[in-house]
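# Results of the structural survey
Given next are the chains, with one letter for each unit.
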Amino acid sequence: MTTALPALSNLSPAVAIHLTAAVLATALGSVALWARRSQAQRPRLTVIQASHGSQIHMVPVGDVLYFEAADKYVRVLTASAEYLIRTPLKELADQLDPQEFWQVHRSTLVRASAIATAVRDELGKLHLNLHGRPERLAVSRLYAHLFKAM
């Protein structure tokens, strides 16, 4: 024999709110678990189709040092070249290994092994120097915890 839940209208407002919150929390927990499992099972990106002038290049993800969002495009930077793709940075981040590519700014994903040094300037702002690239990448305060001394 199954027992049905009483109608919410028959319960006191406090009990109805508590019961509704519990049901919602259980449902949201199930959705979050499903999302983690589906992301874990998703194959990681290995090659990026990127434009360089009028050509489309097949760029191995292993060659990429960092990605940087710029207007409608994402710049894909390797040690020797720069390409453009139209995939949003958030969508790209979901297809990359988070242990391999770290988000260091809302507009920047960097290959962890490409980081040569993390330097704090006189104003206390953190910047990254990469192996194979001359530019310095800014690290936002939100992601500075990645570079605390161990």
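Numbers given to residues run from 1 along each chain, matching the order in which its sequence is written. Local features in this predicted model are restricted to residues whose pLDDT is 70 or higher, and side-chain atom pairs enter the listing and the counts only when it is 80 or higher, whereas totals over whole chains, interfaces and linings include all residues. Computation of side-chain values: all heavy atoms of the structure, hydrogens and water removed.

Another aspect to go through is the overall build of the chain. Under the scheme used here, helices are H or I runs from DSSP no shorter than 4 residues and strands are E runs no shorter than 2 residues, and both carry numbers assigned from the N terminus. If you tally the helices and strands in the chain, you get two helices and 10 strands. Long-range contacts, defined here as pairs at least 24 residues apart, represent 38% of the contacts in the chain between residues at least 6 apart. Using a 1.4 Å probe, the Shrake-Rupley method yields the accessible areas, and only the shown protein chains count as cover for residues. Carbon together with sulfur atoms contributes 59% to the accessible area of the chain, which is approximately 10500 Å² in total. The contact rule is simple, with two residues in contact once any of their heavy atoms fall within 4.5 Å.

As a further point, take the sheet that holds strand β10 (residues 136-139). We call two strands paired when DSSP finds no fewer than two bridges between them. Strand order in the open sheet formed by three strands is β8-β9-β10, with antiparallel pairing between adjacent strands. Unpaired on one side and paired on the other, β8 (115-120) and β10 mark the two borders of the sheet. Averaged over neighbouring strand pairs, the angle between their axes works out to 30° when direction is ignored. In terms of strand pairing, strand β9 (residues 126-130) meets β10 through four bridges, oriented antiparallel. Pairing of H127 across the sheet is with A138, part of β10. Whenever a helix is involved, its axis is fitted only over the stretch in contact; in every case the axis is a line through C-alpha atoms, and angles between N-to-C directions fall within 0 to 180 degrees.

The next point concerns the environment of S140. Checked against the element boundaries, S140 lands in the segment after β10. Accessible area is worked out with a 1.4 Å probe on protein chains only. A residue is then buried under 20% of its type maximum, exposed over 50%, and partly exposed in between. By relative accessible area, S140 is classed as buried at 18%. As a C-alpha pair, S140 and V104 span 36 residues in sequence and 6.4 Å in three-dimensional space. With sequence-adjacent residues up to four places away left out, S140 is seen in contact with V104 and H105.

What follows is about the pairing of β10. The alternating pattern of β10 places L137 and V139 on a buried face, while none of R136 and A138, on the opposite face, is buried. Between β9 and the antiparallel strand that follows it, β10, lie five residues; G132 among them carries a positive phi value of about 85°.

By themselves, these observations are geometric and do not establish any function.
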